[in-house]
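Next come the chains, spelled out residue by residue.
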Amino acid sequence: MRSSDPSRRRFLALTASAASLTALGLPAGAAVASPTARPAREPDLGPNVFVYDPSTPTEEIQSTLDQIFTAQEHNEMGADRYAVLFKPGRYEVDARLGYYTTVAGLGAHPDDVEIHGAVRVVGQPDPNSPAGISALTNFWRSAENLAVTPTDWSNQWAVSQASPMRRVHVKGVLWLEPGNGGYSSGGFIADSKVDGITINGSQQQWLTRDSELGGEWTNGVWNQVFSGVIGAPAQGFPDPPYTTLPTSPVIREKPYLFVDDAGRWRVAVPRLRRDTAGTTWAAGGAPSPSLPLTDFFVARPTDTATRINTELARGSHLLLTPGVYRLDRALRVRRPNTVVLGLGMPSLAPVTGDAALRIEDVDGVRIAGVLVDAGPVESEVLVEVGGRHSHRAHADNPISLQDVFFRVGGPSAGRAVTSLVVHSRHTLIDNIWAWRGDHGQPGTIGWDVNTAATGVVVNGDDVTAYGLFVEHYQRWQTRWHGERGRTVFYQSELPYDPPSQAAWRSPTGDGWASYRVAPHVRTHEAWGLGVYAYFNQGVDIRCDRAIEAPRRAGVRFHDAITVFLNGSGGIERTINEAGTPVVGAYGTSPVVSYP
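Just so you know, the residues in each chain are numbered from 1, in the order the chain's sequence is written. Side-chain atom pairs in this predicted model are given and counted only at pLDDT of 80 or more, local residue features only at pLDDT of at least 70, and totals for whole chains, interfaces and linings cover all residues. Only heavy atoms go into the side-chain values, all of them from the structure, while hydrogens and water stay out.

Q: Let's hear about the sheet that holds strand S32 (residues 357–359): which residues, and what values?
A: Pairing is parallel across the open sheet formed by 8 strands, whose spatial order is S29-S32-S34-S36-S38-S40-S44-S47. One side of each edge strand has no neighbouring strand; the edge strands of this open sheet are strand S29 (331–333) and strand S47 (547–548). Here 3 bridges tie S29 to S32, and the two strands are oriented parallel to one another. Directly across from Val333, in S32, lies its bridge partner Ile359. At least two bridges found by DSSP between two strands is the condition for calling them paired. The helix count covers DSSP runs of H or I at least four residues long, the strand count covers runs of E at least two residues long, and both are numbered beginning at the N terminus.

Shown next, in the form of structure tokens:
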């Protein structure tokens, strides 16, 4: 994989792409541009990564995209993963994205790769949706670092959780719903620009961060949050349900692959920014620092945890190519400034009860673009950032987690006490979905099957989270113990399946609050929180409060809402004693400010 022989490396890249095409039923070589069009030192990114340049015939690119979509359209709990990468140039294609598919540009600027057609996600048949179609399970896919000019009236991106759009320039209308009011439960956009209007439609909630809207943002259901967005709608919660922050307090964008003017592959590592608004790539924006891809260990799913850890210990960064990595021990990141970047939604799956990933309390580690699946032996934690006694300050160079998604149950009957624990100070969380599965393969879902107490625990001080989606865990969904924590957008469904009230009662009353700030915390602030109830076991289950926090001036909440979706029982209060019951029938309880 890291051969210094250019001809050997080139041969591996060509034959790997041919093998993957053959597996999809396409002719060998269909995804590969003519050898004369490729630089001499192409990386070997494995059989499920397809790299194109403008010299590739359009029909070959379209055929590959169509074949991948056909394979992945309904492959929700499957193990296949794909990435389609476009070198700078213009392409006339219609890229439909199914599960575990990433479409990304390889330019230094999003406009370097121009897609004329679509990069889109469409709805799926759903008999429970009034329109007969929904996007409620359109998870685990992404579009990054490209421009798209829709050749239809809009570019449709009808997604729910874990389907980010980053560094995308939509040169037209962006349509976020599946159509005709079909249900949808997204979503996340960052560092992007939309020239036309954005039709939010049926999206229950959405976070747009550090972007630019050239046209109107229409519609909204319960919880639409804008942080550092030029052209964002005015604050209006709860009607319209817009929470608008003029700037994002502190952020750095996700790393991304690109090819420089000399044809060399690099990974951009964007700078830390404060009080930001708009994209990083607008006119006058400085280029991001970058690392050569030769500094990365390019891992395959066949690589063992021991092999990967050896490379990390030697000082390599890590690029995870598409697939499922079954780990007999945790991957360990010990060196400052290490980059771990997933390509094509790779999964880390611990199989012995260890964590999937442990990060030392060091500066500047970046983890991005990975899915973590709990294994058959219960893990105490799936990803741990720092240690229990971490107290170092990282304000100028924090650890960051971006597009990191957790899953307990679904493909298999996994178990994990806690999915993510953050001990390190100043950690940045940017688009996390922690999900205890409510559906999946037979035998993988049940109150005593895919057990998981808590999704996210934050022990470190000065942690900032954007886009915290945490759902269906059996106790508190999120526990916050650190001081000066900030959350910009929170979405959570309580567990569907408590078998009785006795089985789901916390130390503070009936049920377990979704978002809990520990009693000792003096300072905490959160904007745009939505907590929903759907207890589907036919039992009257109550949750005394959706959000539980000490009542003091330094602990503040802005724009929180509870919703009764369906089923039995419901939520009695929104925050502590504030709010009204949403019990027994559809209803909402917004709280604009607390205390």
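Q: Pulling in residues and values, what's your account of the environment of Ser500?
A: Position of Ser500 relative to the elements: it lies in the loop between strand S41 (485–493) and strand S42 (505–506). With a relative accessible area of 27%, Ser500 lands in the partly exposed category. Between the alpha carbons of Ser500 and Arg96 there is a distance of 42 Å; along the sequence they are 404 residues apart. Two residues qualify as a contact provided that any one of their heavy atoms is within 4.5 Å of a heavy atom in the partner residue. With residues up to four places along the chain from it excluded, the contact list for Ser500 reads Val539 and Ile541. In the analysis that follows, any N or O atom pair within 3.5 Å is treated as a polar contact, provided that within protein one partner can donate a hydrogen and the other can accept it, and provided that, for residues neighboring in sequence, both atoms belong to side chains. One polar contact links the side chain of Ser500 to the main-chain amide nitrogen of Ala503, over a distance of 3.1 Å. Think of it in three bands: residues with accessible area under 20% of the maximum for their type are buried, residues over 50% are exposed, and the middle band is partly exposed, with areas taken using a 1.4 Å probe on protein chains only.

Q: Requested: an account of the packing of aromatic side chains, with residues and values cited.
A: Pairing of aromatic rings covers Phe, Tyr and Trp, the last through its six-membered ring, and needs centres within 6.5 Å; plane angles under 30 degrees mean stacked, over 60 mean edge-to-face, and all others mean tilted. One pass over the full model with this rule turns up 25 aromatic pairs. Ring geometry for Phe139 versus Trp435: centroids 6.1 Å apart, planes at 55°, classification tilted. Separated by 296 residues along the polypeptide, Phe139 in the loop between strand S8 (133–134) and strand S9 (141–150) and Trp435 in strand S37 (residues 428–436) bring together distant segments of the chain. As far as the burial class goes, Phe139 and Trp435 line up, both buried. Within the aromatic cluster, the residues linked to one another by ring pairs are Tyr99, Tyr100, Phe139, Trp140, Trp433 and Trp435. Lying across the ring of Tyr466, Arg209 places its NZ or CZ 5.7 Å from the centre. Only Lys NZ and Arg CZ are tested; either one counts as a charge over a ring when it is within 6 Å of the ring centre and within 35 degrees of the ring normal. Cation over ring: Arg516 sits above Trp476, and NZ or CZ is 4.5 Å from the ring centre.

Q: How would you explain helix H3 (residues 305–313) if you had to name every residue and give the values?
A: All of the buried residues in H3 are Ala305, Ile308, Asn309, Glu311 and Leu312. For H3, the arc enclosing every buried residue in end-on projection is 160°, short of the 170-degree limit, so these residues lie on one face. At its buried positions, H3 is contacted by strand S26 (296–299), strand S27 (317–320), strand S28 (324–327) and S29. One or two residues past the end of H3 sits Gly315, with phi positive at roughly 105°. What the arc describes is the spread of directions from the helix axis to the C-beta atoms.

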